[in-house]
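Now for the letters of each chain:
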Amino acid sequence: MTETRTAALDHVADFPAIPAGWAYLDTAATAQKPQPVIDAITRAYDSSYATVHRGVYQRSADMTLAYEAARRKVASFLGAGSADEIVFVRGATEGINLVAHSWAGTQLKAGDRILLSQLEHHSNIVPWQMVAERIGAHIDVLPLTADHRIDLDAMAAMITPQHKLVALAHVSNVLGSVLDGKRAAEIAHSVGAKILLDGCQSVPRMRVDMAALDCDFFVFSAHKLYGPTGIGVLWARPELLDVMPPYQGGGSMIDSVSFERTTYAPPPGRFEAGTPHIVGALGLHAAIDYVESIGLDRIHAHETALVTMTREALSQINSLTLFGPEDSAGIVSFSIQGVHPHDIGTILDEAKVAVRAGHHCAQPLMASLGVDATARASFGVYNTAADVEALVRGIERVTRIFG
Ligand SMILES: Cc1ncc(COP(=O)(O)O)c(C=O)c1O
């Protein structure tokens, strides 16, 4: 195996749930939580807990300030124009469903077209199928290039003025391929279509900026960014949020209610019915502080170096097929001839290496790769060259066991 060439990040000590000798390589599914995030969540519950937006007492007013400070933090992290463009949702899945239901469901009409790609996560496919079926719209699918990126030349050739929405993964959760989001936005906008980027896998591993990307909607989940589960973000251009009706009704999202007529709060409150995930927002704030304290550029360089090491080592194994481009971001998918990925995962687990095995909620991608499933190693700030070495040793054992 080649010498260690990582950008020398080693933050494993910040993560109490990672015991010594355990190589956690499943960050693309969910990231482990650093102590500052755990502390922020504990503090919120054990010393400053109260509801938000309603209380007249000091504790609630303070919690409201903290909750809204988290929204401002997300806005600055994403390079958004204002905190009002940030909608707290349960996660990326809910963010996409919200756009599908409230924007596409009201702005698209029968015969309109939606453009997705072959590598999308099910949560960026199924909500569009549901809305398309309801309104009589059609879905078209962008192919991948030979090295497993979304083919933007094909996008330029395929897109028509009938396409009203394009929804693409900024980074593939299976292949790690990084989309040129700005070019995709330019192509979408050239026919007047809006573009949603699924930032689940980009936000934890590279700097993102809404103005630079020039997209229209952007979603991510906090739990993949070292934050808590149950909270995520939808960013949208304010003029798009303005035309979107509420997705759910209830407390907090109203202006006034009577049995004759209810009026709704302006965005983002209009989309946050019910008591929100208050502590989740504070945990997300701490998670953003955490990654910013390390630096997204350093995280990206670190993970890219680990990917290069992994791909170089695995490419020496004849029976192993690597998927995705050479410069994939933090994620390496592979299969071994004659070995089910679940067996790979089980044998690696015996060696204290945790990888994901399965279809990764991307069955159409699996079909296009000609496999039912892959094994996937994905990196975070706590991984080091030693984890890659443990992975490679484990895979060598798999190939010995299976002859
Ligand atoms: C690219 C991508 N999109 C969407 C999702 C869905 O995220 P969540 O389940 O947190 O809503 C995931 C999660 O694996 C993902 O990797």
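Refer to the structure printed above.
Remember, predicted model here, so these are calculated numbers, not experimental data.

### Things to note about the site of the ligand
Inference 1: If you check the shell around the ligand, you find Ala92, Thr93, His121, Ser123, Asn173, Asp198, Cys200, Gln201, Ser221, His223 and Lys224 and nothing else.
Inference 2: Measuring from an oxygen atom of the ligand, one finds a side-chain N or O atom of Gln201 at 2.7 Å.
Inference 3: Note that an oxygen atom of the ligand is positioned 2.7 Å from one of the side-chain N or O atoms of His223.
Inference 4: Coverage of the ligand by the protein chains reaches 84% of its 390 Å² of free accessible surface.

### Describing the side chain of Asn97
Inference 1: Position of Asn97 among the secondary structure elements: in helix H3 (residues 92–107).
Inference 2: Every residue in contact with Asn97, bar those within four places of it in the chain, is listed here: Pro127 and Tyr247.

### Comments concerning the state of the cysteines
Inference 1: Per the counting criterion, the structure on display carries zero disulfides.
Inference 2: As a non-bridged cysteine, Cys215 has Cys200 as the owner of its nearest cysteine sulfur, 14 Å distant.
Inference 3: Residue Cys361 stays outside any disulfide, its sulfur separated by 11 Å from that of Cys200, the closest cysteine.
Inference 4: By relative accessible area, Cys361 is classed as partly exposed at 25%.

### Some words on the pairing of strand S7 (residues 217–221)
Inference 1: The buried fraction of S7 amounts to five of the five residues, a majority that puts the element mostly inside the structure.
Inference 2: A two-sided burial pattern is seen for S7, the buried positions comprising Phe217, Val219 and Ser221 on one face and Phe218 and Phe220 on the other.
Inference 3: One ladder, built from five bridges, connects S7 with strand S8 (residues 232–236); its direction is antiparallel. Within the sheet, the bridge partner assigned to Phe217 lies in S8 and is Ala236.

### Here's the deal with the packing of aromatic side chains
Aromatic ring pairs: the centre-centre distance and the angle between the two ring planes describe each pair.
Inference 1: Scanning the entire structure with this criterion turns up ten aromatic pairs.
Inference 2: Consider the rings of Tyr24 and Tyr382, whose centres lie 6.0 Å apart with planes at 65°: the pair is edge-to-face. You can see Tyr24 sitting in strand S1 (residues 23–24) and its partner Tyr382 sitting in the loop between strand S15 (374–378) and helix H13 (385–401), a full 358 residues away along the chain.
Inference 3: Residue Tyr24 is classed as buried on the basis of its relative accessible area of 7%.

### A short note on unusual backbone geometry
Inference 1: The residue after Pro267, namely Pro268, is reached through a cis peptide bond having omega 5°.
Inference 2: Its location among the elements puts Pro268 in the loop between strand S10 (262–264) and helix H9 (278–294).
Inference 3: Here His360, not a glycine, exhibits a phi torsion of approximately 55°, which is positive.
Inference 4: On the basis of relative accessible area, His360 is assigned to the buried category, the value being 2%.
Inference 5: The phi angle at Cys361 is positive, at roughly 55°, despite the residue not being glycine.
Inference 6: Examined against the element boundaries, Cys361 turns out to sit in the loop between strand S14 (356–358) and helix H12 (363–369).

### Observations concerning the packing of helix H10 (residues 296–314) against H13
Inference 1: Two numbers describe how H10 lies on H13: the axes approach to 10 Å, and their chain directions differ by 20°. Classified by the interaxial angle, the pair formed by H10 and H13 is roughly parallel. Of the two elements, H10 crosses H13, and the hand of that crossing is right-handed. Here H10 contributes Leu306, Met309, Thr310, Ala313 and Leu314 to the contact with H13, which in turn contributes Ala385, Val388, Leu391, Val392 and Ile395.

What counts, and where the lines are drawn
- Residues numbered from 1 in each chain as written.
- Predicted model: local features only at pLDDT ≥ 70, side-chain atom pairs only at ≥ 80, totals over all residues.
- Heavy atoms only, no water.
- Near = heavy atom within 4 Å.
- Polar contact = N/O pair within 3.5 Å; in protein donor to acceptor, adjacent residues only side chain to side chain.
- Areas by Shrake-Rupley, 256 points an atom, 1.4 Å probe, with all protein chains shown as cover.
- Helix = DSSP H or I, 4+ residues; strand = E, 2+ residues; numbered from the N terminus.
- Contact = heavy atoms within 4.5 Å.
- Disulfide = S-S within 2.5 Å.
- Buried < 20%, exposed > 50% of the residue type's maximum accessible area, 1.4 Å probe, protein only.
- Pairing = 2+ DSSP bridges.
- Phe/Tyr/Trp six-rings, centres within 6.5 Å; stacked < 30°, edge-to-face > 60°.
- Axes fitted to C-alpha atoms, helices over the stretch in contact; angles between N-to-C directions.
- Parallel < 35°, antiparallel > 145°, perpendicular 65-115°, else oblique.
- Left-handed = near helix turned anticlockwise from the far one by under 90°.

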